[in-house]
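Below are the chains, spelled out letter by letter.
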Amino acid sequence: MVDVSTSAAAFSDSLPSAHFIDGEWRKPQSGNLMETFDPGRAEPHARFAAGTAEDVAEAVASAKRAQRDEWRKTTPAERGRILMRAAELIRQNAERLAIAEVLDSGKTLGEARGDVRGSARAFEYYAGAADKHEGKAFPLGPDYTSYSIEEPIGVTAHIVPWNYPLSTACRSIAPALAAGCTAVVKPAEQTPMTALLLAEILVQAGLPRGVCNVVTGTGISAGAPLVSHPDVRHVTFTGSTVTGINVMKAAAQNVASVTLELGGKSPNIVLADADIELALDNVVGAIFENAGQICSAGSRLVIERSIHAEFIEKLVARARALRIGHGLTEGVNFGAINSAEHLAKVASYVEGAKARGISIATGGNVAVDPATGKGWFFEPTVLDDVKWDDPVVQEEIFGPVLAVQVVDSAEEAVEAANCTDYALAAGLFTKDLTRALRIARDVDAGQVYVNEYFAGGIETPFGGNRRSGIGREKGLVAVTSYCKTKAVSIRI
Ligand code: NAD
């Protein structure tokens, strides 16, 4: 455990402040550095390279050369071995990665350790996939042989958000590398460190130079030139819907494909016959983990009227028992909001709710770390019995704010679940299997979790419908995003 006041500073001094391009640390061509903040103290903790289009061009050129001359020619089995070594090295470096993640993002050390475990698992899973992505043969009749090959699509761009910096990067980089693609990664300007540490680990695992490059900087200065670069053939973007639309437009100029993982306003349906204690545990985890900064957070509770009052009373007690504080402080299980700007956004949604007379069952205020009086925090908040058309039901707050919708039947619960423009995830708590299967059928969502919110793993496809995104990550389906199918047909 790090002593937050002193050891964190020494730790931050050991972090990189350059891009990782062509297998080495490269200073930004502009010579400029930016600051990254520790949200748990609301203070800068490290500096990093402010990337520009010139740095992006170097990284894409390196990735293009590495793809053409090296990675494409590496056997799939060897690619898999390198990815497996990467998984081992991520595990060996777990504590360094987790602490860097806490200091950049504000999450708790326990959450960050879980993210690192998931990141290693992504490399392990796609290591196994590297030599199993097969083509097909087509029945044109006895006079032809016709088959397809899954070729790597080329240079891929990975635009990463600040809420799950390492695990989001790994879940898109690993399948791209498994497919034989090379990568240029642009982490969020709030959380650049773990992507840089990962790139160094990948080279230690045996990845040839240039196969995975990291350019840090803002979305405008480094992200936009990357997603519009003519040599980038696929963009995987995770972040807000507004930016995702711009990224899709930029990629369209080069007819490059995209995977977009965007926002959500996911319902968590609790029916009257549910196991109430189980549902409570899951409703709390679904909205208060990572202080609610999760695209697939269960940010709406859709609950049957007959159990509403009792459920809210118990939920409030659990929310109040969460311990707010700096992510590196022992015993803390509720971390910070990532930035001052984002904290202001979360607070303004709750202020708006208060002004409209919405009942605040618990929370509702900006907070600080009680140990230091510092940091960007927001209390775990429950807004009770909200009208379906209210902004706190319709819009993504991306913070620890749960909006409750009360319904009178399972049928009405489905209507409530489907009442926003988002369609990322949905949770459901019931003991009735038939109802569970019907609701799973009728809810519009990329993933439905029954009796365990966030159930699933790297094996399970993940993505959204409508304004929540396009394409799927995770699972074997993710590898197909990084492949182009070539059909070869021969007259014999
Ligand atoms: P954002 O979408 O603007 O940023 C995400 C990533 O995109 C960052 O790496 C950023 O540098 C990059 N980026 C920004 N503009 C770009 C551009 N024009 N071209 C290429 N890359 C660009 O998200 P934000 O501003 O950090 O947060 C805004 C809101 O987005 C949040 O309040 C939240 O609602 C939502 N969000 C969602 C997710 C998610 O996982 N779905 C993650 C983070 C934020």
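Rules used in this analysis
Residues numbered from 1 in each chain as written. Predicted model: local features only at pLDDT ≥ 70, side-chain atom pairs only at ≥ 80, totals over all residues. Heavy atoms only, no water. Pairing = 2+ DSSP bridges. Helix = DSSP H or I, 4+ residues; strand = E, 2+ residues; numbered from the N terminus. Phe/Tyr/Trp six-rings, centres within 6.5 Å; stacked < 30°, edge-to-face > 60°. Buried < 20%, exposed > 50% of the residue type's maximum accessible area, 1.4 Å probe, protein only. Lys NZ or Arg CZ within 6 Å of the ring centre and 35° of its normal. Axes fitted to C-alpha atoms, helices over the stretch in contact; angles between N-to-C directions. Core = buried A, V, L, I, M, F, W, Y, C linked by side-chain atoms within 4.5 Å. Contact = heavy atoms within 4.5 Å. Domains from an automatic or database assignment. Buried area = accessible area lost by both parts, 1.4 Å probe. Salt bridge = Lys/Arg side-chain N within 4 Å of Asp/Glu carboxyl O. Polar contact = N/O pair within 3.5 Å; in protein donor to acceptor, adjacent residues only side chain to side chain. Nonpolar A, V, L, I, M, F, W, Y, C, P; charged D, E, K, R; others polar. Near = heavy atom within 4 Å. Areas by Shrake-Rupley, 256 points an atom, 1.4 Å probe, with all protein chains shown as cover. Parallel < 35°, antiparallel > 145°, perpendicular 65-115°, else oblique. Left-handed = near helix turned anticlockwise from the far one by under 90°. Expected span 1.5 Å × (residues − 1).

Peer 1: Could you clarify how one ought to interpret the pairing of strand S3 (residues 33–38) in this entry?
Peer 2: A regular strand places its side chains so that they alternate between the two faces of the sheet. Where S3 lies against strand S4 (residues 43–49), 6 bridges are found, and the strand directions are antiparallel. Across the sheet, residue Glu35 finds its bridge partner in S4, namely Arg47. Between S3 and S4, which pair antiparallel and follow one another directly, the connecting turn spans 4 residues, one of which, Ala42, has a positive phi of 55°.

Peer 1: Explain the packing of aromatic side chains to me, please; I cannot follow it from the model alone.
Peer 2: Given two aromatic rings, one states the distance between the centres and the angle between the planes to describe the pair. In this structure the tally under the stated criterion is 8 aromatic pairs. With a centroid separation of 4.8 Å and an interplanar angle of 85°, the aromatic rings of Tyr125 and Tyr126 are classed as edge-to-face. Taking relative accessible area as the criterion, Tyr125 reaches 16% and is therefore assigned buried. We classify Tyr126 as buried; its relative accessible area is 0%. For Lys107, the ring lying beneath its charged end belongs to Tyr164, and the centroid distance is 3.8 Å. In this structure, Lys474 is placed above the aromatic ring of Phe462, and the distance from its NZ or CZ to the ring centre is 5.1 Å.

Peer 1: I keep staring at the sheet that holds strand S21 (residues 447–450) and nothing clicks. Help me out?
Peer 2: Strand pairing in a sheet relies on backbone hydrogen bonds, with the paired strands running either antiparallel or parallel. Reading across from one edge, S14-S17-S18-S13-S12-S20-S21 is the order of the 7 strands in this open sheet, with mixed pairing throughout. Unpaired on one side and paired on the other, strand S14 (359–362) and S21 mark the two borders of the sheet. Within the sheet, the average angular offset between the axes of one strand and its neighbour, ignoring direction, is 25°. The sheet contact formed by strand S20 (residues 425–429) and S21 spans 4 bridges and is parallel.

Peer 1: Would you explain unusual backbone geometry in this entry?
Peer 2: Both trends apply: most residues other than glycine have a negative phi, and most peptide bonds are in trans. The phi dihedral of Ala42 is positive, around 55°, even though this residue is not glycine. If you trace the backbone, Ala42 turns up in the loop between S3 and S4. Ala42 gets classed as partly exposed once you look at its relative accessible area, which sits at 28%. Phi angles above zero are rare outside glycine, and Lys474 is one such case at about 60°. Mapped onto the secondary structure, Lys474 falls in the loop between strand S23 (469–470) and helix H16 (477–481).

Peer 1: Is there a simple way to explain the environment of Ile201 in this structure?
Peer 2: Tracing the backbone shows Ile201 in helix H7 (residues 193–204). Take Ile201: its relative accessible area is 4%, and that puts it in the buried class.

Peer 1: Hey, could you run me through the nonpolar core in this one?
Peer 2: The tendency in soluble globular proteins is for nonpolar side chains to be buried as a group. Residues Phe123, Tyr126 and Leu177 are the most contacted members of the largest nonpolar core, which totals 64 residues. By residue number, the principal contributor to this core is helix H5 (residues 109–129), which donates 10 residues. Residues contacting Leu177, with those up to four places away along its chain left out, are Trp71, Arg79, Leu83, Phe123, Thr182, Ala183, Leu202, Leu207 and Val211. Counting residues in hydrophobic clusters, the runner-up holds 50 residues, among them Ile276, Leu280, Val283 and Ile337.

Peer 1: Explain the domain arrangement of the protein chain to me, please; I cannot follow it from the model alone.
Peer 2: You'll often see interface size given as the accessible area lost when the parts meet. We note that the domain assignment places domain 1 (4–262 + 469–488) and domain 2 (267–458) within the protein chain. Measuring from the centre of the C-alpha atoms in domain 1 to the corresponding centre in domain 2 gives 30 Å. Contact with domain 1, which involves 33 residues of that partner, is made by 28 residues of domain 2. Interface area for domain 1 against domain 2, summed over the two sides, is near 2,500 Å², with a carbon-plus-sulfur share of 61%. Across the domain 1-domain 2 interface, the total number found is 1 salt bridge. Salt-bridge contacts for Lys374 lead to Glu43; the nearest nitrogen and oxygen are separated by 2.7 Å. Counting every contact that joins domain 1 to domain 2 gives 12 residue pairs in polar contact (both at pLDDT 80 or more). Listed by contribution, the elements that provide at least two residues to the side of domain 1 that touches domain 2 are S3, helix H4 (94–105) and H5. It is H5 that contributes the most residues to the side of domain 1 that touches domain 2, 6 residues altogether. Taken together, the residues of the side of domain 1 that touches domain 2 break down into 14 nonpolar, 9 polar and 10 charged.

Peer 1: Explanation requested: the site of the ligand in the structure shown.
Peer 2: The immediate surroundings of the ligand are formed by 27 residues, with Val160, Trp162, Lys186, Glu189 and Lys345 found nearest. Here an oxygen atom of the ligand sits 3.2 Å away from a polar atom, N or O, in the main chain of Gly219. Across the complex, the protein chains shield 86% of the 810 Å² of accessible surface that the ligand would expose by itself. In terms of residue count, the dominant contributor to the shell around the ligand is helix H8 (residues 219–227) (3 residues). Of the residues that constitute the shell around the ligand, the class distribution is 12 nonpolar, 10 polar and 5 charged. When residues of the shell around the ligand are assigned to domains, at least three fall in each of domain 1 (4–262 + 469–488) and domain 2 (267–458).

Peer 1: What am I meant to see in the packing of helix H3 (residues 76–92) against H5 here?
Peer 2: To describe two helices that pack against each other, one gives the angle between their axes and the distance between the axes. For the pair H3 and H5, interaxial distance at closest approach is 7 Å and the crossing angle is 165°. Between H3 and H5, the crossing angle belongs to the class labelled roughly antiparallel. Viewed along their axes, H3 and H5 form a crossing whose handedness is left-handed. Along its contact with H3, which presents Gly80, Leu83, Met84, Ala86, Ala87, Ile90 and Arg91, the element H5 presents Val116, Ser119, Ala120, Arg121, Phe123, Glu124, Tyr126 and Ala127. Its residues placed into classes, the contact of H3 with H5 shows 10 nonpolar, 2 polar and 3 charged.

Peer 1: Even after reading the chapter, I still don't get H7, so can you show me in this structure?
Peer 2: Owing to its 3.6 residues per turn, the α-helix aligns residues three or four sequence positions apart on the same side. Along its 12 residues, H7 runs 17 Å from first to last C-alpha, staying within 8% of the 16 Å computed at 1.5 Å per residue. Those residues of H7 lying buried are Met193, Thr194, Ala195, Leu196, Leu197, Leu198, Ala199, Ile201 and Leu202. Positioned one or two residues after H7, Gly206 has a phi angle of 110°, which is positive.

Peer 1: Mind showing me how you'd approach the environment of Ser167 here?
Peer 2: Tracing the backbone shows Ser167 in helix H6 (residues 165–179). The buried category is assigned to Ser167, whose relative accessible area is 18%. Separated by 50 residues in sequence, Ser167 and Arg117 place their C-alpha atoms 8.7 Å apart. When near neighbours in sequence (up to four residues on either side) are disregarded, Ser167 contacts Asp115 and Ser119.

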